[in-house]
Amino acid sequence: MTKTTIYLAKIIKPNDYATDIAVAQEAFDSMDKAKGFMEANGMVEMSWGWVMTDSNLEGSIETLKVK
């Protein structure tokens, strides 16, 4: 059985009371594709995560290992 790694790229708009609104999310088979998705949507990588400089959107790339 082979293990698969999935990279889940998510862009959210933070909302009141710790409720986030999903703007976009997509799964990829490589980190480069996930980073490309983020950059194509105007996100910039910072040391603590992804942000869009001209709005209040935030993003993340989660690594999921599937057996």
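In every chain, residue numbers begin from 1 and rise along the written sequence. Note on the predicted model: pLDDT of at least 70 is required for a residue's local features to be given, and 80 or more for side-chain atom pairs to be given and counted; whole-chain, interface and lining totals, by contrast, use all residues. Side-chain figures throughout are based on the complete set of non-hydrogen atoms in the structure, without hydrogens or water.

### A few points about the environment of Ile61
Mapping Ile61 onto the fold places it in strand β5 (residues 58-66). Any two residues whose heavy atoms approach within 4.5 Å at even a single point are treated as in contact. Not counting chain neighbours up to four residues away, the residues in contact with Ile61 comprise Tyr7, Leu8, Ala9, Met31, Ala34, Lys35, Met38 and Trp50. Helix and strand definitions here come from DSSP, where helices need a minimum of 4 consecutive H or I residues and strands a minimum of 2 consecutive E residues; each element is numbered from the N-terminal end.

### A word on the pattern of salt bridges
Any carboxyl oxygen of Asp or Glu within 4 Å of a side-chain nitrogen of Lys or Arg constitutes a salt bridge here. Under the criterion given, the structure shown has two salt bridges. As a salt-bridge pair, Lys10 and Glu62 come within 2.7 Å of each other at their nearest N and O atoms. Residue Lys10 is found in strand β1 (residues 4-14), and its partner Glu62 is found in strand β5; the two are separated by 52 residues along the sequence. Using a relative accessible area of 23% as the deciding quantity, one classes Lys10 as partly exposed. Each residue is assigned to one of three classes by its accessible area relative to the maximum for its type, calculated with a 1.4 Å probe on protein chains only: buried under 20%, partly exposed between the two thresholds, exposed over 50%.

### Things to note about the sheet that holds β1
Note on pairing: two strands pair once DSSP finds at least 2 bridges between them. Taken together, the five strands give an open sheet; going across it, the order is β2-β1-β5-β4-β3, and neighbouring strands pair in antiparallel fashion. Two strands bound the open sheet, and with one partner strand each, they are β2 (20-28) and β3 (44-46). Averaged over all neighbouring strand pairs, the angle between strand axes comes to 30°, with direction disregarded. Bridging between strand β4 (residues 49-51) and β5 involves two bridges; their strand directions are antiparallel. Bridge pairing in β5 places Val51 opposite Glu58. Geometry is summarised by axes, namely lines fitted to C-alpha atoms with helices restricted to the contacting stretch, and by angles between N-to-C directions that run from 0 to 180 degrees. Taken strand by strand, helix α1 (residues 31-40) contacts β1, β2, β3, β4 and β5, and its axis lies near 15° from that of β1.

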